[in-house]
Amino acid sequence: MGRRKFGECVYESKRTLVMMGHAIAVMRKTRKWTKAELADRVGITTETLTRVEKGDDDVSVGITFDCAVIVGIDLFGDKKLMNRADLCYRVILDLMPKRIVSVPASEFDDGF
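Keep in mind the model is a prediction, meaning the values are calculated, not measured. (Residues numbered from 1 in each chain as written. Predicted model: local features only at pLDDT ≥ 70, side-chain atom pairs only at ≥ 80, totals over all residues. Heavy atoms only, no water.)

1. Here's the deal with the packing of aromatic side chains
Next up, step 1: Per the stated rule, a full pass over the model turns up one aromatic pair.
Next up, step 2: With a centroid separation of 6.5 Å and 90° between ring planes, the pair formed by phenylalanine 65 and phenylalanine 76 is classed as edge-to-face. On the criterion of sequence distance, the pair formed by phenylalanine 65 in helix α4 (residues 61–71) and phenylalanine 76 in the loop between α4 and α5 (79–95) is long-range, its members being eleven residues apart.
Next up, step 3: Residue classification places phenylalanine 65 among the partly exposed residues on the basis of a relative accessible area of 31%. (Phe/Tyr/Trp six-rings, centres within 6.5 Å; stacked < 30°, edge-to-face > 60°. Helix = DSSP H or I, 4+ residues; strand = E, 2+ residues; numbered from the N terminus. Buried < 20%, exposed > 50% of the residue type's maximum accessible area, 1.4 Å probe, protein only.)

Written as structure tokens, this is what we have:
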């Protein structure tokens, strides 16, 4: 399967993963941890950690988040604000339709 190419959106995602990987490497080194020590704490191989620190988008975002949290990177800022935002999102999701049904273009009439 080839690389996905969806333009700016994928570029921004990749750039964010690379930046987070660099931040993880800096924080790991600041704590004077070897790759083996951090990998052991996360439960991954040193090879996977190397891929995380390079921003490899084939590594699970959950693993990247685990590495970030363990080295002390605060992913979402203030915990109270994060909890409030999560509550708001859950309320909004409860109010939204449970299923989205697409309408084929041939059946759509916008009246123009």
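2. Details of the side chain of glutamate 53
Next up, step 1: Here glutamate 53 lies in helix α3 (residues 46–54).
Next up, step 2: Apart from the residues within four sequence positions on either side, glutamate 53 is in contact with Gly21, His22, Ile24, Ala25, Arg28 and Lys35. (Contact = heavy atoms within 4.5 Å.)

3. What to know about the pattern of salt bridges
Next up, step 1: Per the stated rule, a full pass over the model turns up six salt bridges.
Next up, step 2: Here arginine 28 ties to glutamate 53 by a salt bridge, and the two come within 2.7 Å at their closest N and O atoms. In this pair, arginine 28 is assigned in helix α1 (residues 8–30) and glutamate 53 in helix α3, connecting sequence segments 25 residues apart.
Next up, step 3: Residue arginine 28 is classed as buried on the basis of its relative accessible area of 6%.
Next up, step 4: Of the charged contacts in the structure, one is a salt bridge between lysine 79 and aspartate 74, with a shortest N-O distance of 3.2 Å. (Salt bridge = Lys/Arg side-chain N within 4 Å of Asp/Glu carboxyl O.)

4. So, the packing of helix α2 (residues 35–42) against α3
Each packed pair of helices is defined by two parameters, the angle between the axes and the distance between the axes.
Next up, step 1: The contact between α2 and α3 brings their axes to 9 Å, and the two run at 100°. It follows that α2 is roughly perpendicular to α3 by the angle criterion. Contact with α2, carried on its side by Lys35, Ala36, Leu38 and Ala39, involves Thr46, Leu49, Thr50 and Glu53 of α3 and no other residues of that element. (Axes fitted to C-alpha atoms, helices over the stretch in contact; angles between N-to-C directions. Parallel < 35°, antiparallel > 145°, perpendicular 65-115°, else oblique.)

5. Structural notes on the environment of valine 61
Next up, step 1: Relative to the helices and strands, valine 61 resides in helix α4.
Next up, step 2: Given a relative accessible area of 46%, valine 61 falls into the partly exposed group.

6. Notes on the environment of leucine 17
Next up, step 1: Tracing the chain through its elements places leucine 17 in helix α1.
Next up, step 2: The sequence separation of leucine 17 and valine 61 amounts to 44 residues, and the corresponding C-alpha distance is 8.5 Å.
Next up, step 3: Look past the residues within four positions of leucine 17 in its chain and what remains in contact with it is Gly55 and Asp57.

7. Describing the side chain of aspartate 56
Next up, step 1: Looking at the element boundaries, aspartate 56 is found in the loop between α3 and α4.
Next up, step 2: A distance of 2.7 Å separates a polar side-chain atom of aspartate 56 from the backbone nitrogen of aspartate 58.
Next up, step 3: When sequence neighbours within four positions are dropped, the list of residues in contact with aspartate 56 reads Lys14 and Arg51. (Polar contact = N/O pair within 3.5 Å; in protein donor to acceptor, adjacent residues only side chain to side chain.)

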